[in-house]
Amino acid sequence: MLSLISRIESVAESGTGRITFVDGDDHETLSWSELHREARAVAAALQARGIGPGDHVAPLGPTTRRLITTIQAIWLTGGALVTMPLPMRMGALDQFIDQTRNRIRRSDSKVVVIDSQLAAFVEPVEGDPPFIGLDDLFADDGPGSDDYRRPADDPSGLAVLQFTSGSTSEPKGVMLPHENICNNLDGAWKAAELTHDDVIVSWLPLYHDMGLIGLLTIPMTLDTTLVQGAPQDFLARPIRWLRWITEFQGTGTAGPNFSYALAARALRRAEEPLDLSTLRIMLNGAEPIDATTFRRFLEAGERFGLDPAGAFPAFGMAEVCIAGCFPTPGKGLRTD
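Everything numeric here is computed off the predicted structure, so don't read it as measured data.

Draft legend 1. Quick peek at the packing of aromatic side chains. Evaluation of the coordinates by the stated rule reveals 8 aromatic pairs. Where Trp203 meets Trp241, the ring centres are 5.9 Å apart and the plane angle is 75°; that geometry is what we call edge-to-face. With Trp203 in the loop between strand S9 (199-202) and helix H7 (209-222) and Trp241 in helix H9 (residues 239-248), this pair connects stretches of sequence that are 38 residues apart. In this pair, the class of Trp203 matches that of Trp241, namely buried. An angle of 55° between the planes, with centres 4.9 Å apart, marks the rings of Tyr260 and Phe294 as tilted. You can see Tyr260 sitting in helix H10 (residues 257-269) and its partner Phe294 sitting in helix H11 (residues 291-301), a full 34 residues away along the chain. Phe294 carries the same exposure label as Tyr260, and that label is buried.

Draft legend 2. A look at the pattern of salt bridges. One pass over the full model with this rule turns up 11 salt bridges. A salt bridge links Asp55 to Lys110; its shortest N-O distance comes to 3.4 Å. Of the two residues, Asp55 is situated in the loop between helix H2 (32-48) and strand S3 (56-60) and Lys110 in the loop between helix H4 (93-106) and strand S5 (111-114); the sequence distance between them amounts to 55 residues. Using a relative accessible area of 38% as the deciding quantity, one classes Lys110 as partly exposed. Measuring nitrogen to oxygen at the nearest pair gives 3.0 Å for the salt bridge that ties Asp153 to Arg150. On the accessibility criterion, Asp153 (36% relative accessible area) is partly exposed.

So, how was this worked out
- Counting starts from 1 at the beginning of each chain's written sequence and moves along it residue by residue.
- In keeping with the predicted nature of the model, local features appear solely for residues at pLDDT of at least 70, side-chain atom pairs appear and are counted solely at 80 or more, and the whole-chain, interface and lining totals rest on all residues.
- The basis for the side-chain values is all heavy atoms of the structure; hydrogens and waters are excluded.
- Within 6.5 Å between ring centres, the rings of Phe, Tyr and Trp (the latter by its six-membered ring) count as paired, and their orientation is classed by plane angle as stacked under 30 degrees, edge-to-face over 60, tilted in between.
- Helix and strand labels come from DSSP, where a helix needs a run of H or I of at least four residues and a strand needs a run of E of at least two; each type is numbered from the N terminus.
- Relative accessible area decides the class of each residue, using a 1.4 Å probe on protein chains only: under 20% of the type maximum gives buried, over 50% gives exposed, and in between gives partly exposed.
- Salt-bridge detection follows one rule: a side-chain nitrogen of Lys or Arg within 4 Å of a carboxyl oxygen of Asp or Glu.

Shown next as C-alpha cells:
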C-alpha cells in the first residue's frame, strides 16, 4: 500500500497502537481508531467546503489534538498538506506574518485552516485564499464520519508540501507524493528496527519533517504508540521530555542537538525518580550534531538507567521525505 489513506485506514481497523496527547503535565489517550473516526468527520467538513484530491490545504496552529486530527483529515480528502511554521518568539511576529502569507500564496493553497490562538495575528487580506477556523471543522452540527466520501488511492498524488532550507536561504517548497513518503517510512521502520510494541515520545513541531513525518506519521500509518507533546511545553521545562519518557516507558525519541543540551542540564539538576532505562533509540538530527554535547546528555542520564548504546545520530532532509542515513541500532555514538 503506497497511499497514506490506505495505511491510515489499515491501522484504524486492526492496529493496536495509541496516541497520547500531552498538555503540560496533563494527558489524554485515544486509539488510532478513535482519532480516525474524528478525522473522517473533519474530512467530511472539508469536503463540504469543496476540498478534494489535489487541493492544497494549509493548517496553522500549535500542536493539539485538533491539529493532528486535521492533518489526517486533509490526507483523507486526497488533499495535500502545506506545512506552516509558527513563530519561535513574540518579537518575530511581523516576520512570521509576512513569511506565512508569502508561503500561503506561493503554495497555491486553496484554504487556510487557522487556530483561534493565531487568528488575530494572521487575518485574511485581498489575494489570500479563504480562512476557516479550526474550531469550525469540529462543530457539533457539522458533518459526521458517515458523511465522508473516500477518494481513490493515488500513490503519485501530492501528500505534503514541505518548506525547507529556511536557515540558509528563502524556504523552498519540496513536493512529497504518497508513494515517496510510504517508501521512506518503510525504510526508516526497517533501519531503526521498530516494532509495533515501540512507544515513540515526541515534542517536535509538526511543521518540520522530523516531527511531522518521522515521529507522527510512522506511528499513524505503521501502527505503533505515540506520546505527543508540544514544543512550547518542552522549551518551557525541558525536564518534561524526560518525565514523559519515564511515565509512558518510551522506547524511542528524537530531537535536534540543542535539545539534548537542554535535557542534559535538566538531568544534572533532577532530583525526582526518573527512569530512562526503556529508551533504545535517541535520534539526534535536524541540525549539526556536536559529539561533546550528545555525550554530556548520555552521561547525565546514566544515573537514571539511560543506556548510551541507544544514541542514534542520523541524517535526513525534506527532499528525501525525512530519513537519509541511519546507524545500526544499539551501536551507540561513535566518532572518527
